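Overview (structure and organization)
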Amino acid sequence: MAEKNIVIVESPAKAKTIEKFLGKDFMVKSSFGHIRDLSKKNFGIDLEKNFEPVYEISPEKKKVVTELKKLTKDADMVWLASDEDREGEAIAWHLYETLNLKPAKTKRIVFHEITKEAILKAVENPREIDMNLVNAQQARRVLDRIVGFELSPVLWKKVKPSLSAGRVQSVAVRLIVEREREIINFQAESLFRVYAYFTVTGNNGKVSELKAELSKRYKRIEEVREFLELCKQAEFKVDDVTKRPTKKSPSAPFTTSTLQQEASRKLGFSVSQTMSVAQKLYESGFITYMRTDSVNLSNLAIATTKSEIEKEFGPEYSKVRNFKTKSKGAQEAHEAIRPTYMSNKTVEGSKQEQRLYELIWKRTAASQMADAQLEKTTVNISISNSQERFVASGEVLIFDGFLKLYIESTDDESENGDDSKSLIPPLSVNQILEYKRIESIEKYSQKPARFTEASLVKQLEELGIGRPSTYAPTISTVQNRGYVVKEDRPGTERNFQYLLLESGTIKEEVKTETFGTEKSKLFPTDIGIVVSDFLLKNFVDIMDYNFTAFVEKEFDEIADGDLIWQKMIDSFYRPFHKLVEHTVETSKAGNGRRELGTDPASGKPVSVRIGRYGPMAQIGENEDEEKPKFASLRKEQSIETITLEEALDLFKLPRDVGMFEDEKVIVASGRFGPYVKHKNSFYSLKKGEDDPMTIELERAIVLIEEKREADKQKHIKSFDSEPELAILNGRWGPYISYKKKNYKIPKTTEPASLELEDCMELIEAGDKAKPKGRKKK
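The paragraphs below set out a description of the structure included in this document.

**Comments concerning the overall build of the protein chain**
Scanning the protein chain from N- to C-terminus turns up 20 helices and 30 strands. Seen through its C-alpha atoms, the protein chain measures out along the principal axes to roughly 95 × 85 × 65 Å. Here the protein chain holds 777 residues, and the buried ones make up 47% of them. Restricting the contact set of the protein chain to residue pairs at least 6 apart, pairs at least 24 apart contribute 70%. Working note: accessible area of the protein chain is about 41,300 Å², and carbon and sulfur atoms make up 48% of it. Side chains of the protein chain give 126 positive and 125 negative charges; the mean places of these two sets differ by 4 Å.

What follows is the structure, given as structure tokens:
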């Protein structure tokens, strides 16, 4: 029997939630995302037919399409209920076209939260597919395909095979490269900051400490010494005490960008992890749509939030706020990310889902809470024998307001000590203060901060590059392509001067601090730097921040029906294609070559560049009669910063460190890092423990024997007549390895008892059981 109403959504989880709200007359099915995309053959775009996209059904979706065609053929009505942004609209249109749906029997419904009220309201208010939104999405796909398909072959020819380029991704890499160069070129300067700690006795006899900082900062240590000498005989007097009220207001509810930033700071989530968890919360009906640049809350949401705040904290904590979206291109959903029901403070689900939901609930509630009221106190302290003065400042929280629930985090990375506001003890003008100690600490200026995933999202948003749906894929793509790495790096030690005046005596000492420690930061790789430089030199528009933001605005105009998408593509494609052809014919290879100096032994030039297998050092020129020498850079080295001495050290490898079992033991470095070679076997050095330049024979033998023991534990059985077959121990238990494929061994079978015939039977059974032609989604 045919179903009367077929509702099609993108995901099974979303389908399951919606099905609970619709009656027995509705069947809800999933398309499992996009069912078709641009063909990968012949560009996927017909340039002769006004950039007409050539779509094809994804191989893994053919079964889904067949099932949906069968269900929709006899249905009374088909409801296309994909997400309400441009991508969701495109999915609905692709379903309409691919399933050969009829206008009279098709309705498009949208909602920004999966609740019973929202779903029923959407069914009561269907609309047609919005072709302006579809065309905006088509324009994005077509433009990105053009850029990728035209630029990537240029990189293959001019930089290195198998590279690829993307429109927004290339600009994101440029941001990271430019920040890295700022850091490399940064010269830290030091200043001496002076702090005084005074003893204050109150009327009740209670003794407290007052910390104040000198308003002047000294460049030279001699100036500090002179000042501290003056302080020995000085009188310190309170000149004035000023108090003024101040307030702090809560941030707006979450957009996609601010959720990604705050989840990174507070929960340690990556951008893609945040979006994955948020999608699960949305599809389960717990939060509103998670791809949005709107900070608006519905009247109902504001009212229910107000009720929850007054019930939880009291009416004095409630303050209704209507936030306005500043982003001119706000085009995704029409509301901020918020809980669908504010009465639910917690939800069922994984630990990650619960933590992200709690963050969203608190941020939403805080946005509708009263300001925090504070009193700021500033104290000026004069010095009898100097024109300088000490200044102390502090804050007192009079009314906590929204701070009772939520404090927004920042990306600030201060290494210059604690500048937090302290409590000021009661003081009166002309009060004489006794110093307990006065100290001066040499502080260094801070280098620019490297991007985290969250701060990169913030920068992209501020520049108008990308949209809520593109931030996470952009950041994932630049890492997957090897242009950027996210990693921790240890800091470096440096000395600083410390001076202390205490009990009339000045003491000096040199102390040590660690600076520049990085955690989960984005670093450009050498290949990322070279590709970025090449594109910036030859394709200025593609790499220009303003141009990329301008393209986003054009997509917005298409979505609003104010621009024909083919005209926009045409105006871009023709000059771009000519530039690609010109670059192929005239540009020099972009290998990031950098001259380091001269090799003292041979007198030949030493350089570094990108080679076929990655960053490498070279002694000599390709044109020389004698063939140049080459050496791979170590993983932690970069062609941007490596010195001549460090490059020459690379040519000291391979090193002969001695004999073991009558064979030489050689230490060398290759594509995958440094290693020990012995009897044609290779043993990796341990990262952070072993240095290929200093490792000795004794340690090399330990590595060899450890690896042999591990291999012995791994190897269970092999057969001389079939050298490609082995029974091995793996992470998940014993298995058969044969011709680079792995086959399970039944738990009831003793692996060591298997003979060759038994193994071949298991291999044959395994091949039959494995489905062919399946691809990962």
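**Quick word on unusual backbone geometry**
For the bond running from Leu653 to Pro654, omega is 0°, close enough to zero to count as cis. With respect to the helices and strands, the residue Pro654 is situated in the loop between helix H18 (644–650) and strand S23 (655–660). Although it is not a glycine, Lys740 adopts a positive phi angle of roughly 65°. Examined against the element boundaries, Lys740 turns out to sit in the loop between strand S29 (733–738) and strand S30 (741–744).

**Concerning the pairing of strand S25 (residues 673–678)**
Where strand S24 (residues 663–670) and S25 come together, 5 bridges link them in antiparallel fashion. Along S25, the bridge assignment pairs Ala668 with Tyr675. A loop of 2 residues connects S24 with S25, the two strands running antiparallel in sequence. Across 4 bridges, S25 lies against strand S26 (residues 681–684) in antiparallel orientation. In the strand pairing of S26, Tyr675 is matched with Ser684. Connecting S25 to the next strand, S26, in antiparallel fashion are 2 residues, including Lys679 with a positive phi near 55°.

**Digging into the nonpolar core**
Of all hydrophobic cores here, the largest spans 122 residues; its most connected members are Phe111, Ile146, Leu155, Ile287, Leu356, Leu535 and Phe539. When sequence neighbours within four positions are dropped, the list of residues in contact with Phe111 reads Lys14, Ile18, Ala81, Glu84, Ala118, Ile119, Ala122 and Tyr282. In this structure, Tyr218, Val379, Phe390 and Leu433 belong to the second largest nonpolar core, which totals 29 residues.

**Topic: empty space enclosed by the protein**
Scanning the entire structure with this criterion turns up 2 cavities of 30 Å³ or more. Taken as a whole, the largest cavity holds about 40 Å³ of empty space. Lining of the largest cavity is provided by Ser164, Ala165, Ser170, Val173, Tyr483, Val531, Ser532 and Leu535. In terms of residues, the lining of the largest cavity owes the most to one element, helix H14 (residues 526–538), which gives 3 residues. Of the residues in the lining of the largest cavity, the class split is 5 nonpolar, 3 polar and no charged.

**Overview of the sheet that holds strand S2 (residues 26–30)**
Taken in spatial order, the 4 strands line up as S2-S1-S7-S8 in an open sheet, and their pairing is parallel. Sheet topology places S2 and strand S8 (106–108) at the edges, where each strand pairs with a single neighbour. With direction set aside, neighbouring strand axes in the sheet form an average angle of 25°. Bridge analysis of strand S1 (residues 5–9) against strand S7 (residues 77–80) gives 4 bridges, and the strand direction is parallel. Counted as the bridge partner of Ile6 is Val78 from S7. Across the sheet, helix H1 (residues 12–19) is in contact with S1 and S2; its angle to S2 comes to roughly 165°. Along the sheet face, helix H3 (residues 86–98) touches S1, S7 and S8 and points at about 175° away from the line of S8.

**Regarding the packing of helix H9 (residues 271–283) against helix H11 (residues 351–367)**
Direction vectors running N to C along H9 and H11 enclose 85°, while the axes themselves pass 10 Å from each other. Judged by the inter-axis angle, H9 sits roughly perpendicular to H11. Mapping the contact onto sequence places Gln273, Thr274, Val277, Ala278, Lys280 and Leu281 in H9 and Gln352, Glu353, Leu356, Tyr357 and Ile360 in H11.

**Focus: the packing of aromatic side chains**
Geometrically, a pair of aromatic rings is defined through the distance of the ring centres and the angle of the planes. Per the counting criterion, the structure on display carries 17 aromatic pairs. Aromatic side chains Phe547 and Phe572 sit 6.2 Å apart centroid to centroid with 25° between the ring planes, which places their arrangement in the stacked category. In this pair, Phe547 is assigned in helix H16 (residues 545–559) and Phe572 in helix H17 (residues 565–586), connecting sequence segments 25 residues apart. Side by side, Phe547 and Phe572 carry an identical accessibility label, which is buried. Taken together through their ring pairs, the aromatic side chains of Phe198, Tyr218, Phe227, Phe236, Phe390 and Tyr435 make up a single cluster. Lying across the ring of Tyr195, Lys211 places its NZ or CZ 4.7 Å from the centre. Between Arg489 and the ring centre of Phe523, over which it is positioned, the NZ or CZ distance is 3.6 Å.

**Here we look at the packing of H3 against helix H5 (residues 131–158)**
The contact between H3 and H5 brings their axes to 8 Å, and the two run at 100°. Relative to H5, the element H3 lies roughly perpendicular. Contacts from Arg86, Glu87, Glu89, Ala90 and Trp93 in H3 reach Met131, Leu133, Val134, Ala136, Gln137, Gln138 and Arg140 in H5. Along the lines of polarity and charge, the residues of the contact of H3 with H5 split into 6 nonpolar, 2 polar and 4 charged.

**Structural notes on the pattern of salt bridges**
Applying the stated rule across the entire model yields 59 salt bridges. The partner of Arg467 in a salt bridge is Asp556, and the shortest N-O contact between them spans 2.7 Å. With Arg467 in the loop between helix H12 (453–462) and helix H13 (471–480) and Asp556 in helix H16, this residue pair connects regions lying 89 residues apart in the sequence. For the pair Arg467 and Asp556, a shared accessibility class is recorded, and that class is buried. Taken together, the shared-partner salt bridges connect Glu10, Lys14, Asp83, Asp85 and Arg291 into one network.

**Here we look at the sheet that holds S29**
In spatial order, the strands read S27-S28-S29-S30; together these 4 strands make up an open sheet with antiparallel pairing. The sheet terminates laterally at strand S27 (715–719) and S30, the two strands that pair on one side only. The mean inter-strand angle of the sheet, taken between neighbouring strand axes irrespective of direction, is 25°. The sheet contacts of helix H20 (residues 756–769) involve S27, strand S28 (722–730), S29 and S30, and relative to S28 the element is tilted by about 80°.

**Here we look at H20**
Between its terminal C-alpha atoms H20 stretches 20 Å, which fits the 20 Å expected from 14 residues at 1.5 Å a residue. Every buried residue belonging to H20 is among Leu756, Cys759, Ile763 and Gly766, and all of these are buried. The arc enclosing the buried residues of H20, seen along the axis, measures out at 85°, which places them on a common side. Residues of H20 that are exposed and point more than 90 degrees away from the buried face comprise Glu757, Glu761, Lys768 and Ala769. If you follow the buried residues of H20, they end up packed against S27, S28, S29 and S30.

**Side note on the environment of Thr586**
Inspection of the secondary structure puts Thr586 in helix H17. Residue classification places Thr586 among the partly exposed positions, given a relative accessible area of 48%. A distance of 2.7 Å separates a polar atom in the side chain of Thr586 from the backbone oxygen of His582.

**Here we look at the side chain of Thr364**
Topologically, Thr364 is positioned in helix H11. Not counting the four nearest positions on each side in its chain, Thr364 is found in contact with Leu297, Thr305, Ile337, Arg338, Pro339 and Met342.

**Quick word on the environment of Arg671**
Summarising the element assignment, Arg671 is placed in the loop between S24 and S25. You can call Arg671 exposed: its relative accessible area is 56%. Along the primary structure Arg671 and Lys41 are separated by 630 residues, whereas in three dimensions their C-alpha atoms are 33 Å apart.

Reading guide: rules and limits
- Residues numbered from 1 in each chain as written.
- Predicted model: local features only at pLDDT ≥ 70, side-chain atom pairs only at ≥ 80, totals over all residues.
- Heavy atoms only, no water.
- Helix = DSSP H or I, 4+ residues; strand = E, 2+ residues; numbered from the N terminus.
- Buried < 20%, exposed > 50% of the residue type's maximum accessible area, 1.4 Å probe, protein only.
- Contact = heavy atoms within 4.5 Å.
- Areas by Shrake-Rupley, 256 points an atom, 1.4 Å probe, with all protein chains shown as cover.
- Lys, Arg positive; Asp, Glu negative; His and termini not counted.
- Charge placed at Lys NZ, Arg CZ, Asp CG, Glu CD.
- Pairing = 2+ DSSP bridges.
- Core = buried A, V, L, I, M, F, W, Y, C linked by side-chain atoms within 4.5 Å.
- 1 Å grid on protein atoms, 1.4 Å probe; cavity = no way out; pocket = protein on both sides within 12 Å on 5 of 7 lines; lining within 4 Å.
- Points joined across faces, edges and corners; volume = space filled by probe spheres on them.
- Nonpolar A, V, L, I, M, F, W, Y, C, P; charged D, E, K, R; others polar.
- Axes fitted to C-alpha atoms, helices over the stretch in contact; angles between N-to-C directions.
- Parallel < 35°, antiparallel > 145°, perpendicular 65-115°, else oblique.
- Phe/Tyr/Trp six-rings, centres within 6.5 Å; stacked < 30°, edge-to-face > 60°.
- Lys NZ or Arg CZ within 6 Å of the ring centre and 35° of its normal.
- Salt bridge = Lys/Arg side-chain N within 4 Å of Asp/Glu carboxyl O.
- Expected span 1.5 Å × (residues − 1).
- Arc of directions from axis to C-beta.
- Polar contact = N/O pair within 3.5 Å; in protein donor to acceptor, adjacent residues only side chain to side chain.

Just distances and angles here, no functional claims.
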